[in-house]
Amino acid sequence: MKAASIKYRVEHETEYRYQSQVTLSQQYLHLTPRSFALQSTESHRILVRPTEHETSEGRDYFGNPTRRLTLMAPHMTLNVHAESVVSLSKRPSMAELQGSKPWESVRELVQRAQSPDTLEATRYLYASPHVELSAALELYARPSFRPGRPILEAALDLTQRIFADFKFDPAATEISTPLEQVLSGRRGVCQDFAQLMIGCLRSLGLPARYLSGYILTHPKPGQPRLVGADASHAWVSVFCPVHGWIDFDPTNRCLVQGEHITLGWGRDFSDVTPMRGIVLGGGAQQLQVKVTVTPLG
């Protein structure tokens, strides 16, 4: 019997307000949830104000769906509203993920890279724009990766240690903050913790990729769910030859289960930025992002 799926509606609204008139805007979007074995995008639409002059859909190097926009009408405000309905399949629990190989065996397997799966995993083995490799990151990871320890057991331990050792602090970092500073300061946000964990894994010689998407948040008991109060989220996927790619969330100290909605994946944040582009004019700008994740059924 097929396991029941979990369905969500996701609304992601991005608004730029400019100090002066923009005469040309070109934007590159990762706002379409990716469909794969554990997730199906049932419906999706993107509404743009002002109306785009040109638009095209495609896929990036990592297979994520993308959209390009060109706006040629003068404007002072740009609003991009993405709305999706996504179904998630049941993911295995840690009890169901027993039998993963020792982490050293995975490292050796990837170094030989003889199968299509291991060749694909090598994309996520090296340094990238926001993830450097270092002896300090390897040293931090070592207590979790004891000799002979199964890779998924070790990855979960690292996930839990990052949660315990680091404080969530939105004022502590920017997207350009290097991992060395995140490691020494022990503060940051979800993208910092995800990239830190990825840096630790790659410094050990293990492939790890960056996941961009959303997580369902839970209001306090007795309080209503607030519209627009959710946020974009980031977590980590670890390559395991026995079970495939398995996701961990160091911000929430957990193996990813049924409350994470995936937009896409890449080497780090720079590969799957939800929205980036260039504008002609505009001057100073104000950015506001609202995300609402609603369970359906």
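Our subject is the structure listed above.
The following refers to the structure shown. (Residues numbered from 1 in each chain as written. Predicted model: local features only at pLDDT ≥ 70, side-chain atom pairs only at ≥ 80, totals over all residues. Heavy atoms only, no water.)

## Points about the overall build of the chain
Then, number 1: Of regular secondary structure, the chain possesses 6 helices and 14 strands.
Then, number 2: Taken over C-alpha atoms, the radius of gyration comes to 20 Å for the chain, in line with the 19 Å a tight globule of 297 residues would show.
Then, number 3: In terms of principal-axis extent, the alpha carbons of the chain reach across some 60 × 45 × 45 Å.
Then, number 4: Excluding contacts between residues fewer than 6 apart, the proportion of contacts in the chain whose partners are at least 24 apart in sequence is 76%.
Then, number 5: Carbon and sulfur atoms make up 52% of the accessible area of the chain, which totals about 14,200 Å². (Helix = DSSP H or I, 4+ residues; strand = E, 2+ residues; numbered from the N terminus. Rg over C-alpha atoms; globule rule 2.2 N^0.38 Å. Contact = heavy atoms within 4.5 Å. Areas by Shrake-Rupley, 256 points an atom, 1.4 Å probe, with all protein chains shown as cover.)

## What to know about the side chain of Thr 173
Then, number 1: Among the structural elements, Thr 173 can be located in the loop between strand E6 (167–168) and helix H5 (179–185).
Then, number 2: For Thr 173, a relative accessible area of 14% puts it in the buried group.
Then, number 3: A distance of 2.5 Å separates polar atoms of two side chains, one belonging to Thr 173 and the other to Asp 192.
Then, number 4: Excluding residues that lie within four positions of it along the chain, Thr 173 makes contacts with Val 182, Arg 187, Gly 188, Val 189 and Asp 192. (Buried < 20%, exposed > 50% of the residue type's maximum accessible area, 1.4 Å probe, protein only. Polar contact = N/O pair within 3.5 Å; in protein donor to acceptor, adjacent residues only side chain to side chain.)

## Describing the nonpolar core
Then, number 1: Counting 51 residues, the largest nonpolar core has Phe 145, Leu 201 and Phe 248 as its most contacted members.
Then, number 2: Those elements that place two or more of their residues in this core are helix H1 (103–112), helix H3 (135–141), helix H4 (151–165), H5, helix H6 (190–203), strand E8 (208–215), strand E9 (232–240) and strand E10 (244–249).
Then, number 3: Contacts of Phe 145, omitting those with residues within four sequence positions, involve Trp 103, Ile 151, Ala 154, Ala 155, Leu 158, Leu 201, Leu 204 and Leu 206. (Core = buried A, V, L, I, M, F, W, Y, C linked by side-chain atoms within 4.5 Å.)

## Examining the pattern of salt bridges
Then, number 1: Within the structure shown, the criterion is met by 12 salt bridges.
Then, number 2: Linking Glu 83 and Arg 9 is a salt bridge whose minimum nitrogen-to-oxygen distance equals 3.7 Å. Here Glu 83 is found in strand E5 (residues 75–88), whereas its partner Arg 9 is found in strand E1 (residues 6–29), with 74 residues between them in sequence.
Then, number 3: On the basis of relative accessible area, Arg 9 is assigned to the partly exposed category, the value being 29%.
Then, number 4: Salt-bridge contacts for Asp 271 lead to Arg 267; the nearest nitrogen and oxygen are separated by 2.9 Å.
Then, number 5: Looking at Asp 271, the relative accessible area reads 12%, which means it is buried.
Then, number 6: You can call Arg 267 partly exposed: its relative accessible area is 26%. (Salt bridge = Lys/Arg side-chain N within 4 Å of Asp/Glu carboxyl O.)

## Digging into the packing of aromatic side chains
Then, number 1: Evaluated as defined, the whole model comprises 9 aromatic pairs.
Then, number 2: Here Tyr 140 and Phe 166 contribute two aromatic rings whose centre-to-centre distance is 5.9 Å and whose plane-to-plane angle is 85°, an arrangement assigned as edge-to-face. On the criterion of sequence distance, the pair formed by Tyr 140 in helix H3 and Phe 166 in the loop between H4 and E6 is long-range, its members being 26 residues apart.
Then, number 3: Through successive ring pairs, a cluster of aromatic residues spans Tyr 61, Phe 62, Tyr 124, Phe 239 and Trp 245.
Then, number 4: Arg 123 extends its terminal NZ or CZ atom over the ring of Tyr 61, reaching a point 4.5 Å from the ring centre. (Phe/Tyr/Trp six-rings, centres within 6.5 Å; stacked < 30°, edge-to-face > 60°. Lys NZ or Arg CZ within 6 Å of the ring centre and 35° of its normal.)

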